[in-house]
Every structure is written in structure tokens, then in C-alpha cells.
Amino acid sequence: MLIPFKEIVRKYNMKISGVIQVGVHWAEEHDDYLAEGIDKFVYIEPCKDAFNILLKKFEHLIIKGETEGNLVRPLFKNMELFHCACGENERNDVMYVSNDNQGQSNSLLKPDKHLQQHPEVVFNEAEIVSVKRLDYLPFERSDYNLLVTDCQGYDGHVMLGATETLKHIDYICMEVNRDSVYEGNMLIDDVDKLLSDFQRVETEWVGNWGDSWYIRKTLL
């Protein structure tokens, strides 16, 4: 997050019951969430290397394994981990992958202005990932009222697949764009229109991309 989490929470007196984060990478914000007293988490990560790091990081929270078909899915205390991407349509798709910055620029969209803005990041690999609608993932939505997305241009597509989930959300932090950083990324004005029940209250830019915070209008 470009704006410190603690600063935002206290500035707007946010009452956060739980966090859903799409594109969680290595869960770098987890300690910040814990520091604010949050203890319920849904973490979603499509890339296999990052997801394996998450499994290792949170193995101490595993309660037991639940059988799903031929697989054993670990159950975590106060946490759900999902190995997938999120979007408006369910499918398998190609993730554009770079290992130059720990995979933090990986995206379902083809890089565009990102190549000029960050020439040190080279996309020279690909990975097939499962894409799910956030609305279809099995967790209790009423336990969570903060949605965080860090999906490298695909964040607007995540919202299109989260219409039911958004009914339970009071606060959103998402990556936004004001140019074609990735081909087909939704621009910030269109995101504002899509999230018509929310008011954008903060935006921090780094070149053509940034992070925005939205709060449900009825809370303002």
C-alpha cells in the first residue's frame, strides 16, 4: 500500500471486521492488519511461487486438512487461502510473469506503458492460472468489510466479478490507473463510476498507477 494502512484507518475512523485481499503476493500487509486488531482474513493469490510462500508463512495457523477430490486443502485458523485469480469470468488464462521484482508486476493483462515506466522489469515467462469470480469463492462474506486488490491493472475486472461481495464491503483499497499501464486496464474515472456506492477519498500516484481508497457513501 502506498498510503500507510494505520494512517488511513485512523484518519477515517474505520471499523474493520475482516480483510479480503485479492493479489496478496506474500501478505506483506499482514502485520499491519494485525496491529489494527483485525483477525479474519481471506487471501487470494494466483501465482504458484507466491502461493507456496503463503502456505509456508501461515503453516502455524493450519488446523487440519480438508479433502477436496484428490487434494487435501488446509484449513487455517481465522484465515482462508485461495490459489486463483479473480475476474468477471471463470476460466483458465495466461498470467504475464516477471521475476525481476519478486513477481509483483505479474498480470493477466499484457504490459503496455509499464514497459516504459519500469524498463528494469522484463516479462519473459508465463503461467496458466485459474480465474474465479470473487462472488463464487466459498467464505462467509458478512465477516469481512474491507476489500483490497493489488492485481496489476486487472482490479476493475475483479470488481465486475464481485457484485454480491461488494454488498458487504464498507472500505476498498485498490490499485488504479490513469493510462494504459497494462493493455485493457480500467481507468480511474471508470472505476469511480463502477463503484457508485462508494466515494474515493484518497489516491496516491506513482507515475501512471497508484492506490485509491474508497468508503461507502452512507458512512461519510
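As shown above, the structure is provided for reference.
Throughout this description, residue numbers start from 1 for each chain and increase along the sequence as written. Only residues with pLDDT of at least 70 are given local features in this predicted model, and only at 80 or more are side-chain atom pairs given and counted; all residues enter the totals for whole chains, interfaces and linings. For side-chain calculations, the full set of non-hydrogen atoms in the structure is used, while hydrogens and water are omitted.

Trainee: Whenever I open this one, the overall build of the chain confuses me. Can you help?
Mentor: Counting from the N terminus, the helices are DSSP H or I runs at least four residues long and the strands are E runs at least two residues long. Of the regular secondary structure elements, the chain holds six helices and 12 strands. C-alpha atoms define the radius of gyration, and 2.2 Å times the number of residues to the power 0.38 defines the globule rule. Computed over the C-alpha atoms, the radius of gyration of the chain is 17 Å, within 12% of the 17 Å expected from 2.2 N^0.38 for a compact globule of 220 residues. Seen through its C-alpha atoms, the chain measures out along the principal axes to roughly 45 × 45 × 30 Å. In the chain, buried positions account for 48% of the 220 residues. Under the scheme applied here, a residue whose accessible area is under 20% of the maximum for its type counts as buried, over 50% as exposed, and between as partly exposed, the area being computed with a 1.4 Å probe on protein chains only.

Trainee: Looking at this structure, how should I read the packing of aromatic side chains?
Mentor: The description of two aromatic rings rests on the distance between their centres and on the angle between their planes. Pairing of aromatic rings covers Phe, Tyr and the six-membered ring of Trp, with a centre-to-centre limit of 6.5 Å; geometry is then stacked below 30 degrees between planes, edge-to-face above 60, and tilted otherwise. One pass over the full model with this rule turns up seven aromatic pairs. Their ring planes at 35° and their centres at 5.6 Å tell us that phenylalanine 41 and tyrosine 43 sit as a pair that is tilted. Judged on exposure class, the residue phenylalanine 41 and its partner tyrosine 43 are both buried. Members of the aromatic cluster, joined through ring pairs, are Phe5, Tyr33, Phe41, Tyr43, Phe58 and Trp213. Taking the ring centre of tyrosine 136 as reference, the NZ or CZ of arginine 133 above it sits at 5.4 Å. Above the plane of the ring of phenylalanine 139 lies arginine 141, whose end atom (NZ or CZ) is 4.0 Å from the centre. Two thresholds decide whether a charge sits over a ring: the Lys NZ or Arg CZ must be within 6 Å of the ring centre and within 35 degrees of the ring normal.

Trainee: Sorry if this is basic, but what is going on with empty space enclosed by the protein here?
Mentor: Vacant regions in the atomic arrangement are exposed by a probe of water-molecule size rolled over the atoms. Buriedness of a pocket was judged along seven lines, with at least five required to meet protein on both sides within 12 Å; pockets are open sets of points on a 1 Å grid over the protein atoms alone, cavities are sets where a 1.4 Å probe fits but cannot get out, and lining residues have an atom within 4 Å of a point. Grid points are joined across faces, edges and corners, and a volume is the space filled by probe spheres set on the points. Counting across every chain of the model gives one cavity of 30 Å³ or more. Here the largest cavity is characterised by a volume of approximately 30 Å³. Taken together, Gly153, Asp155, Gly156, Glu175, Val176, Asn177, Met186 and Val191 form the lining of the largest cavity. Looking at side-chain class alone, the lining of the largest cavity contains three nonpolar, three polar and two charged residues. In this classification, the charged set is Asp, Glu, Lys and Arg, the nonpolar set is Ala, Val, Leu, Ile, Met, Phe, Trp, Tyr, Cys and Pro, and all remaining amino acids, among them Gly, are polar.

Trainee: Explanation requested: the state of the cysteines in the structure shown.
Mentor: The definition used for a disulfide is geometric: two cysteine sulfur atoms within 2.5 Å. Scanning the entire structure with this criterion turns up zero disulfides. Its sulfur unpaired, cysteine 86 is 4.7 Å from the next cysteine sulfur, which belongs to cysteine 84. Its relative accessible area of 3% is what places cysteine 86 among the buried residues. Cysteine cysteine 151 is unpaired, with the sulfur of cysteine 86 as its nearest cysteine sulfur at 7.2 Å.

Trainee: Looking at this structure, how should I read the pattern of salt bridges?
Mentor: Two side chains with opposite charge may pair up if their charged atoms get near one another. Any carboxyl oxygen of Asp or Glu that lies within 4 Å of a side-chain nitrogen of Lys or Arg is treated as forming a salt bridge with it. As enumerated under the stated definition, the model contains 11 salt bridges in all. Notably, a salt bridge pairs aspartate 93 with arginine 91, separated by 3.0 Å at the nearest N-O pair. Overall, the relative accessible area of 26% leaves arginine 91 in the partly exposed class. Between glutamate 164 and lysine 167 there is a salt bridge, with the nearest N and O atoms lying 3.0 Å from each other. With a relative accessible area of 42%, glutamate 164 lands in the partly exposed category. Judged by relative accessible area, lysine 167 falls into the exposed class, the value being 58%.

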